Structures are given as C-alpha cells and as structure tokens.
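Structure assessment
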Amino acid sequence: MSRTACIKRQTSESKVLVEVDLDGSGRHDISTGVGFYDHMLTAFARHSLVDLTVQTEGDTHIDAHHTVEDTAIVLGQALREALGDKAGIRRFGDATVPLDEALVQAVVDVSGRPYCVHTGEPDAQAYVAIGGDHGPAYQGSLTRHVFETIAFHAHLALHVRVLAGRDPHHLVETQFKAFARAFRDAVALDPRETGVPSTKGTL
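An account of the accompanying structure is given in this report. Note that the structure is a prediction, hence the values are computed from the model and not measured. (Residues numbered from 1 in each chain as written. Predicted model: local features only at pLDDT ≥ 70, side-chain atom pairs only at ≥ 80, totals over all residues. Heavy atoms only, no water.)

Now for the nonpolar core. Across soluble globular proteins, nonpolar side chains have a tendency to be buried as a group. Within the largest apolar cluster, 56 residues are counted, with the highest numbers of intra-cluster contacts made by Val-20, Leu-52 and Tyr-138. Ranked by residues supplied to this core, first place goes to helix H4 (residues 168-187) with 10 residues. With residues near it in sequence (within four places) discarded, Leu-52 still touches Val-18, Glu-19, Val-20, Arg-27, His-28, Asp-29, Ile-30, Leu-41, Phe-44, Ala-45 and Leu-75. (Core = buried A, V, L, I, M, F, W, Y, C linked by side-chain atoms within 4.5 Å. Buried < 20%, exposed > 50% of the residue type's maximum accessible area, 1.4 Å probe, protein only. Helix = DSSP H or I, 4+ residues; strand = E, 2+ residues; numbered from the N terminus. Contact = heavy atoms within 4.5 Å.)

Each pair of packed helices can be summarised by the angle the axes make with each other and by the distance between the axes. The geometry of helix H3 (residues 142-154) relative to H4 is characterised by a closest axis approach of 11 Å and an angle of 15° between their N-to-C directions. When the interaxial angle is binned, H3 and H4 end up roughly parallel. Classified by chirality, the crossing of H4 by H3 is right-handed. Note on element contacts: H4 touches H3 through Val-172, Gln-175, Phe-176 and Phe-179, opposite Thr-143, Val-146, Phe-147 and Ile-150. Of the residues in the contact of H3 with H4, the class split is six nonpolar, two polar and no charged. (Axes fitted to C-alpha atoms, helices over the stretch in contact; angles between N-to-C directions. Parallel < 35°, antiparallel > 145°, perpendicular 65-115°, else oblique. Left-handed = near helix turned anticlockwise from the far one by under 90°. Nonpolar A, V, L, I, M, F, W, Y, C, P; charged D, E, K, R; others polar.)

Attention now goes to the sheet that holds strand E6 (residues 102-109). Each strand in a sheet pairs with its neighbour through backbone hydrogen bonds, running either in the same direction (parallel) or in the opposite one (antiparallel). With mixed pairing, four strands are arranged side by side in an open sheet as E5-E6-E10-E7. Each edge of the open sheet is held by one strand with a lone partner, namely strand E5 (92-99) and strand E7 (115-119). When the angles between neighbouring strand axes are averaged without regard to direction, this sheet yields 10°. Pairing of E6 with strand E10 (residues 157-164), which is carried by seven bridges, proceeds in the antiparallel orientation. Counted as the bridge partner of Val-108 is Leu-158 from E10. Taken strand by strand, H3 contacts E7 and E10, and its axis lies near 160° from that of E7. (Pairing = 2+ DSSP bridges.)

A word on the pairing of strand E1 (residues 4-10). Inspection of the sheet shows E1 paired to strand E2 (residues 14-21) by seven bridges, in the antiparallel sense. Residue pairing across strands places Lys-8 opposite Leu-17, the latter belonging to E2. Linkage of E1 to E2, two consecutive antiparallel strands, is achieved through a turn of three residues.

Time to look at the pattern of salt bridges. What the rule picks out here adds up to six salt bridges. Asp-23 is the partner of Arg-3 in a salt bridge, and the nearest nitrogen-oxygen pair spans 2.7 Å. Pair noted here: Arg-3 is in the segment before E1 and Asp-23 is in the loop between E2 and strand E3 (28-31), with a separation of 20 residues, a long-range link. For Arg-3, a relative accessible area of 3% translates into the label buried. (Salt bridge = Lys/Arg side-chain N within 4 Å of Asp/Glu carboxyl O.)

So, on to the environment of Thr-174. Its place among the elements puts Thr-174 in helix H4. Thr-174 gets classed as buried once you look at its relative accessible area, which sits at 0%. Linking Thr-174 and Arg-3, residues 171 residues apart in sequence, is a C-alpha distance of 26 Å. Ignoring sequence-local partners within four residues, the contact set of Thr-174 consists of Val-97, Pro-98, Leu-99, Ala-102, Leu-103 and Val-104.

Now for the packing of aromatic side chains. Taken as a whole and judged by the stated rule, the model has seven aromatic pairs. Summarising the aromatic geometry, the rings of Phe-147 and Phe-176 are spaced 5.1 Å apart at their centres and angled 45° between planes, so their arrangement reads as tilted. On the criterion of sequence distance, the pair formed by Phe-147 in helix H3 and Phe-176 in helix H4 is long-range, its members being 29 residues apart. Judged on exposure class, the residue Phe-147 and its partner Phe-176 are both buried. Put simply, the rings of Phe-44, Phe-147, Phe-176, Phe-179 and Phe-183 touch in pairs and so form one group of aromatic residues. (Phe/Tyr/Trp six-rings, centres within 6.5 Å; stacked < 30°, edge-to-face > 60°.)

Here it is, written out as structure tokens:
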C-alpha cells in the first residue's frame, strides 16, 4: 500500500508543489523563500517521519503571508490524499514536546472532520517577526493560521496547546514538533488492525 501524494497549485500569488510519503524516514527538500518557515517544515518532516518535498514560489516581495498560507493549503491536501481511506491507522495521536523553556501539547484525530483549536500563545507572539535577514520575516500570527489551514485541508481535528514558553522561535518550533509527533502516531498503521508490525511510533 502506497501512502504518497503529489499536489500542485498555482494562483496569481504563488506556485506550490508538495510531495509526501507517509511511510518515509523524514527526508526533506524544502524551499519556500521564507527561511524560518523552511526550518519549521523541516522540523515537521523529521519528527513526523514523513518524507516531504516542498517547492514554493510566492509573492515574497509583498510579505510572507500568501507563501506560507498557500503552502499550508497544499500540504494539507497532500496529507489528505496520501491517507486515502485511512484503513488500519491508529487515528489518534498525542504528543507533548519541550524545547528549553517552551512546552506544547498537540493532539490529532484523523477524523475526516476538520477542526482546529489553538490556545496558549502569549498575546504578543502574534506581532513578532522571526527571521527576515535573507527574505521576508515569518510573522508570529501565521502559526495558528498554518495549523488551521492544514487541519481544514487534511480533514484533521487538531488541538494545539502552548503550555509554557517565552522565546518566539521556541514557541513556534515546539508547536511544529508537537504536531509532527502527534501526526506521526495518528497515521501509523495499527498492527491490531493490519497484522503488520509498525515502527512509526518509535524514536
């Protein structure tokens, strides 16, 4: 059973290609033009063990918003297509991940009913600009939007709770890692359903 997908999307604002393999090893080839977002998508690939290719060309001369948003749309669509009929998966995943002072819990239900609850970020996080020395900065307000967008297009129920944190970089990175770990568990094949031992949930 192949759990792969390749989705392309082009608008007046961006051109996006995303390829995923849910049964990969975390290999990644990511270029969006937004350096910090590349870093976050790399973290997602490594911790979810999803092989991920992302090639985005966007209107970064304006800002990062369209590029980040449109990439999240296509990533969600690719994850949904790769999941197919979802037969034999664990369905639920739960991960709590620390990064120094930051701590985040993410819970995923591959339910087919898109929903996202995102709580706990400090109010000031929305106004923080991260990176930007070589390209547009990543605005802190984008994080919630990314998770809402992925959940909607992948048809996931997703809860992300920021439990602690101070550094803006850590706050975002811990969320992506927690989501990745929860997603990894949720899409792993359940040996009770398939009779095939799964290594997806191991370190």
